[in-house]
Amino acid sequence: MKHHNKNLTLLMARTMGLAFVLQNVPSGYGFSNILPTVTNNGKATHCLSPSAKSPSLCMYVDLDGGGSIASHTGRGGGRGEPEHKKKDLVLPDTTRIGNLEVPSVGIGTISWSSKNLFNLENDELQELVDTACASNAAFFDTAERYGSHMKTALGMGYGETEQMLQKFVEQSPSTKTTITSSLLQQASPQQQGELLKPVIATKFTPLPWRTNVESVVKACEESCRRLGVDQIDLYQLHMPDIVQPFKRFAGVEGSRLSALAKNKDEIYWQGLAECYNRGLAKNVGVCNYGPTLLRQCQDKLAQYNVPLASNQIAFSLIGRHNGAQETVDYCNDQGIQVLAFYPLAMGLLTGKYNSLMEEAGQLTKSAKTFLEYYDLQKYAGGVTSGSHGDVGGFAALLKVMQEIARAHGNDVTIAQVALNYVMCKNVIPIPGARNTAQLLDNIGAMGWRLSPEEVQRLEATADSLGLSGFEGAGFKRTSEKFVGYGVEKWSLT
């Protein structure tokens, strides 16, 4: 980075400080930014540039070490003049989960896998973590049962993704030498502290042989060990207690299997409370719970003075049915932060599958299974027209999404519109990412918001497709799970 005659460098960041344009500006300015604040349902969310139609974020860095900080407003990259002094950097687009402040878009890790059968190595994932940690985008969602694909398929690999995450984050400190961190190093220690620390959420898996409170505590301690922490940021139950291979023995007197057949949801809730009160978890949450189970869980946790921080469900523009929207409404009313898996409907809302030929190619690249391809083909190819050779009504939704994307700037993608829609519903999307390119596209959804009119238009178009909801594809389902002996289901009621 060069400067001449005590000039300053103008750093314009369009998306989370990742897309930069550098140019010289006259001297006399300091380190500055303009970060408008967006409020969703009463919750404050700090943002970067909302859109191409709104002020851009500008940071002025005094390369001679003056260190002054001022706010600047400009449009489309205009320079403008400093408006007022400001002492602290304002955090980028963030949302609260309990006592945590996290990026408003998370990073799903279920697809992570080591490139080495014997060691946990993956250069693409290391680069992804490097970028996320240096860019205030490091909110990772994982689980104890996630692991390398080959081992997971054989019922092995428990905890491997947690170990990979610990390794990659440890090797990628937030002071990594990038433009972002270099600028922060010139700020005061207080300002440097505004670079968000990585946040990791993981999950406990309900299993038939986990029958007591201590089984939850032990699993939490093991996750702490694998993640290299004393306290997990967000510890979640992966699902209701649906894995019940011995349920036929429930109530059978004298059967040793009778105890294993009992529902253990209350035991697991008490286990969450114990983890929280022992200091093993900063926050606790659940996954795949509807309002009924949420109320019961809240009541149980309240007995131990433990708040329920989050609930993770399948939710997207085409996945608001079957109790999903009602669950979001309940959580918003109760102050429970919703996290969304499948926010892109397994790729349907990325715009990549807008013809059968393109879909086939993209599905191959993304390693979709034949069953997943078959089910996605039914969504994209036969939603309204009944023809697998024409995307029919789904094309109308993609067209509207494309128009809205263009209205927010040529660099906004359809996928970002889909993620931003979820954010506008006060939900944190957790799209998967296996490489830096996917990460950058995902976090490009931050820093701006759709208008209420755009949200309404998207919903009206999606509802006109005649879908009863997005239920997943192949063995990856939104409300059921293949568990070896069969398929178990739950509902968001």
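Whatever comes next refers back to the structure up there.
Here goes a summary of the coordinates provided.

### A short note on the packing of helix 1 (residues 123-133) against helix 3 (residues 160-170)
The description of two packed helices rests on the angle between their axes and on the distance between the axes.
Now for step 1: For the pair helix 1 and helix 3, the least separation of the axes is 9 Å and the interaxial angle reads 60 degrees. The angle between helix 1 and helix 3 falls in the class oblique. When you trace helix 1 past helix 3, the crossing you get is right-handed. Contacts from L125, Q126 and V129 in helix 1 reach M164, K167, F168 and V169 in helix 3.
Now for step 2: Looking at the contact of helix 1 with helix 3 residue by residue, the classes come out as 5 nonpolar, 1 polar and 1 charged.

### Notes on unusual backbone geometry
Now for step 1: The phi dihedral of N305 falls on the positive side, at around 60 degrees, and the residue is not glycine.
Now for step 2: Among the secondary structure elements, N305 is positioned in the loop between helix 8 (291-302) and strand 16 (308-314).
Now for step 3: The backbone of M346 shows a phi angle near 55 degrees, a positive value even though the residue is not glycine.
Now for step 4: By the secondary structure assignment, M346 is in the loop between strand 17 (337-341) and helix 10 (356-365).

### Re a negative patch on the surface
Now for step 1: On the surface, E121, D123, E124 and E127 cluster together into a negatively charged patch.
Now for step 2: Mapped onto the fold, E127 is located in helix 1.
Now for step 3: Among the residues examined, E127 registers a relative accessible area of 45% and is labelled partly exposed.

### A closer look at the packing of helix 13 (residues 414-424) against helix 15 (residues 452-463)
Now for step 1: Running from N to C, helix 13 and helix 15 point in directions that differ by 110 degrees, and their axes come no closer than 11 Å. Here helix 15 runs roughly perpendicular to helix 13, going by the angle between their axes. Contacts between helix 13 and helix 15 involve V417, Y421 and C424 from the former and V455, L458 and E459 from the latter.
Now for step 2: Residue classes in the contact of helix 13 with helix 15 are distributed as 5 nonpolar, no polar and 1 charged.

### A look at the sheet that holds strand 17
Across a sheet, strands are paired by hydrogen bonds formed along the backbone, either parallel or antiparallel in direction.
Now for step 1: Pairing is parallel in the open sheet, where 8 strands are placed in the order 11-12-13-14-15-16-17-18. Only two strands of the sheet have a single neighbouring strand rather than two, namely strand 11 (107-108) and strand 18 (427-429).
Now for step 2: Sheet analysis places strand 11 next to strand 12 (residues 139-141), joined by 2 bridges and oriented parallel. Note on strand 12: the bridge partner recorded for G108 is D141.
Now for step 3: Strand contacts of helix 13: strand 17 and strand 18, with the helix running at about 155 degrees to strand 18, the strand carrying the most contacts.

### A closer look at the nonpolar core
Now for step 1: Ranked by size, the top nonpolar core spans 96 residues in total, and within it W112, F140, Y235, I318 and M401 carry the most contacts.
Now for step 2: Tallying contributions element by element places helix 13 first for this core, with 9 residues.

### Points about a nonpolar patch on the surface
Now for step 1: A grouping of F370, L371, Y374, F475, F482 and V487 is seen on the molecular surface, where their side chains present a nonpolar patch of about 660 Å² in accessible area.
Now for step 2: With 3 residues, helix 11 (residues 370-382) is the single largest residue contributor to the nonpolar patch.
Now for step 3: Tracing the backbone shows F475 in the loop between strand 19 (472-473) and strand 20 (476-477).

### With respect to the packing of aromatic side chains
Now for step 1: Under the counting rule described, the total for this entry stands at 7 aromatic pairs.
Now for step 2: Measuring from centroid to centroid gives 6.4 Å for W269 and Y289, while their planes differ by 65 degrees, and the two rings are edge-to-face. Of the two residues, W269 sits in helix 7 (residues 265-277) while Y289 sits in the loop between strand 15 (284-287) and helix 8, which places them 20 residues apart along the sequence. Y289 matches W269 in its accessibility class, with the two residues each being buried.
Now for step 3: Members of the aromatic cluster, each reached through a chain of ring pairs, are W112, F140 and F168.

Parameters and conventions
Here the residue numbering is sequential within each chain, running from 1 through the sequence in written order. Local features in this predicted model are restricted to residues whose pLDDT is 70 or higher, and side-chain atom pairs enter the listing and the counts only when it is 80 or higher, whereas totals over whole chains, interfaces and linings include all residues. The side-chain quantities take in all heavy atoms of the structure and omit both hydrogens and water. As a rule, the C-alpha atoms of each element are fitted with a line to give its axis, helices using only the stretch in contact, and angles between N-to-C directions run from 0 to 180 degrees. Under the scheme used here, helices are H or I runs from DSSP no shorter than 4 residues and strands are E runs no shorter than 2 residues, and both carry numbers assigned from the N terminus. Small angles under 35 degrees read as roughly parallel and large ones over 145 as roughly antiparallel, with 65 to 115 read as roughly perpendicular and the rest as oblique. Should the near helix be turned anticlockwise from the far one by less than a right angle, the crossing is left-handed, and should it be turned clockwise, the crossing is right-handed. Only heavy atoms enter the contact rule, under which two residues are in contact if any of them lie within 4.5 Å. Any residue that is not Ala, Val, Leu, Ile, Met, Phe, Trp, Tyr, Cys, Pro, Asp, Glu, Lys or Arg is counted as polar, Gly included; the first ten are nonpolar and the last four charged. Candidate patch residues must exceed 30% relative accessible area and have no salt bridge, after which like charges are joined if within 9 Å and Val, Leu, Ile, Met, Phe, Trp or Tyr side chains if within 5 Å. Only the protein chains shown count as cover for residues, with accessible areas throughout obtained via the Shrake-Rupley method and a probe of 1.4 Å. When a carboxyl oxygen of Asp or Glu lies within 4 Å of a side-chain nitrogen of Lys or Arg, that pair is called a salt bridge. A residue counts as positive if it is Lys or Arg and as negative if it is Asp or Glu; His and the chain ends are not included. All charge positions are set by atom: Lys at NZ, Arg at CZ, Asp at CG, Glu at CD. For every residue, the accessible area obtained with a 1.4 Å probe (protein chains only) is divided by the maximum for its type, and the residue is called buried under 20%, exposed over 50%, and partly exposed between those limits. Any two strands are treated as partners once DSSP identifies two or more bridges connecting them. Each nonpolar core is a collection of buried residues, namely Ala, Val, Leu, Ile, Met, Phe, Trp, Tyr and Cys, held together in the definition by side-chain atoms within 4.5 Å. The rule is short: rings of Phe, Tyr and Trp, with Trp giving its six-membered ring, pair when the centres are within 6.5 Å, and they are stacked under 30 degrees, edge-to-face over 60, tilted in between.

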